[in-house]
Amino acid sequence: MAGRAPQFDYLLKYIIIGDASVGKSNLLLRYSTGEFRSEYQTTIGVEFAAKNVNIDNLIYRIQLWDTSGQEQFKSITRNYYKNSACALVVYDITSRDSFNSVATWIDEIRAQCTQSIYMILVGNKIDLESVGKRQVETAEGQELAEKYEIKFYETSAKAGTNVDDVFFNSAKEIAKRIKDGFYNLQDDSCGIKKGNLQNEEQNKKLDKKDLKKKKKKFC
Ligand code: GDP
Ligand code: MG
């Protein structure tokens, strides 16, 4: 039975949204496998990826869902947003249009997701700054994030810049919130599931206590 127990303490569901071709699928790919694909593919073939992170000796499994090209139509099925703990709202720093869409995407999250969702604004493709392609200044991204009171990062899925930080720091923040009792974990909509790992350990401890009690009785 132990072999079949999930190897995590908490499962955190993440979603990535933003206009088509801002680099969402490549952020997922970079984070989960360390790869990058330079050719554009509407569907990269990965619907979701999962990766474990260790925070204060607990294992958090980040389950990251990709849009599978649905964003081409500027509306995503409700199923996609369901039960998410964290949403990455991505734009491309070389595309003013994609930055202008951010407000619409954030509104959509607010309409479709639980209030407790942790949102992050991500300006991707910063490697293209060095070739003079930047259209959206860092300060503009920062300002927008401040307006919505969310975290802000600039990343490059191509070079790997800041990609791990986005995921690790958000998981750390969510872990802190779990510890502080911010979520109702009985409610699926919070996008967090408790795994068996912790229970297994607790069970073992309880077993030991029981064993001691029994021994005392029979001595
Ligand atoms: P999605 O439609 O948002 O999933 O975007 P993709 O991940 O499919 O990327 C769209 C295009 O942008 C592809 O040609 C990628 O190779 C390219 N791309 C994605 N991220 C970056 C990045 O950080 N830097 C550069 N230079 N290109 C990127
Ligand atoms: Mg994609």
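Provided above is the structure to which this section pertains.
Reading the values: rules and limits
- Residues numbered from 1 in each chain as written.
- Chains lettered and ligands numbered in written order.
- Predicted model: local features only at pLDDT ≥ 70, side-chain atom pairs only at ≥ 80, totals over all residues.
- Helix = DSSP H or I, 4+ residues; strand = E, 2+ residues; numbered from the N terminus.
- Buried ≥ 20, exposed ≤ 12 C-beta atoms within 10 Å, placed from the backbone.
- Contact = placed C-beta atoms within 7 Å.
- Near = placed C-beta within 6 Å.
- Nonpolar A, V, L, I, M, F, W, Y, C, P; charged D, E, K, R; others polar.
- Pairing = 2+ DSSP bridges.

Turning next to the overall build of the protein chain. Scanning the protein chain for helices and strands turns up seven helices and seven strands. For the protein chain, the α and β elements follow one another from N to C terminus as β-α-β-β-α-β-α-α-β-α-β-α-β-α. Sorting the 219 residues of the protein chain into buried and exposed places 35% on the buried side. Within the protein chain, contacts between residues separated by at least 24 positions form 72% of all contacts whose residues are at least 6 apart in sequence.

Before going further, it helps to spend a moment on the environment of Gln115. Considering the arrangement of structural elements, one finds Gln115 in the loop between helix H4 (102-112) and strand E5 (118-124). Distance from Gln115 to Cys190, taken between C-alpha atoms, is 8.5 Å for residues 75 residues apart in sequence.

Attention shifts here to the site of ligand 1. Close to ligand 1 lie 18 residues; Gly23, Lys24, Ser25, Asn26 and Lys158 are nearest. Looking at which element gives the most residues to the shell around ligand 1, the answer is helix H1 (residues 24-33), with three residues. Its residues assigned to classes, the shell around ligand 1 shows five nonpolar, eight polar and five charged.

All right, on to the pairing of strand E4 (residues 86-92) then. Counting buried positions along E4 yields seven of seven residues, so the element is predominantly enclosed. With burial as the criterion, each face of E4 is covered, one bearing Cys86, Leu88, Val90 and Asp92 and the other bearing Ala87, Val89 and Tyr91. With four bridges joining them, strand E1 (residues 10-17) and E4 adopt parallel strand pairing. Of the residues in E4, the one forming a bridge with Ile17 is Val89. Where E4 and E5 come together, seven bridges link them in parallel fashion. The residue bridging Leu88 from the neighbouring strand is Ile120, located in E5.

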